[in-house]
Amino acid sequence: MRIAYLITIVITILLGLASRKWSILLPSFVAQNAGDMLWAMMVYFGFRLLLVRKSTLTAIWLSFLFSFGIEFSQLYQEDWINQIRGTTLGALILGKGFLVEDLVRYTIGIIVATVLDAVALRFILRS
């Protein structure tokens, strides 16, 4: 299962980066929302990878805590952390500014990831 989650994380990261790089080619609704949803999905799959023997509910709660924690941390604006946010990797991980709509995007992303995970697990168990 760990390999499956690792592959899923890599695919999710690639889709997230692609949604940012080629956003002009996407419908505006998708371009505005896909990156944050995919980021939250990647967080969920990351917790599933790290905690493969724990319940799905554990991964869901940790994903919400982590994602919302990162978003609320954006209310903290000091020079040292803004310098980190000013880098490409820092911006991708920590974001830049607090937006309530990002919390909605994260919620949807975690729900979508949970549903995909459940469907995949059901398919694997049938095989």
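Just above sits the structure.
What you see is a predicted model, and the numbers here were worked out from it, not measured in a lab.

Criteria and cut-off values
Residues numbered from 1 in each chain as written. Predicted model: local features only at pLDDT ≥ 70, side-chain atom pairs only at ≥ 80, totals over all residues. Heavy atoms only, no water. Core = buried A, V, L, I, M, F, W, Y, C linked by side-chain atoms within 4.5 Å. Buried < 20%, exposed > 50% of the residue type's maximum accessible area, 1.4 Å probe, protein only. Helix = DSSP H or I, 4+ residues; strand = E, 2+ residues; numbered from the N terminus. Contact = heavy atoms within 4.5 Å. 1 Å grid on protein atoms, 1.4 Å probe; cavity = no way out; pocket = protein on both sides within 12 Å on 5 of 7 lines; lining within 4 Å. Points joined across faces, edges and corners; volume = space filled by probe spheres on them. Nonpolar A, V, L, I, M, F, W, Y, C, P; charged D, E, K, R; others polar.

Peer 1: Help me get a handle on the nonpolar core, residues and values and all.
Peer 2: Counting 22 residues, the largest nonpolar core has Trp 39, Tyr 44 and Phe 45 as the members making the most contacts within it. Contributions of two or more residues to this core are made by α1 (2-21), α2 (28-50), α3 (56-73) and α6 (100-126). The residues contacting Phe 45, other than those within four sequence positions of it, are Tyr 5, Thr 8, Ile 9, Thr 12, Ala 113 and Asp 117.

Peer 1: Please provide a residue-by-residue account of the layout of surface pockets, values included.
Peer 2: In this approach a probe as big as a water molecule rolls over the atoms, and the regions it shows empty are the leftover space. One number sums up the size of the largest pocket: a volume of about 760 Å³. Elements with a contribution of two residues or more to the lining of the largest pocket: α1, α2, α3, α5 (88-94) and α6. Among the elements that make up the lining of the largest pocket, the one with the highest residue count is α2 (11 residues). Residues of the lining of the largest pocket, tallied by class, amount to 19 nonpolar, 10 polar and six charged.

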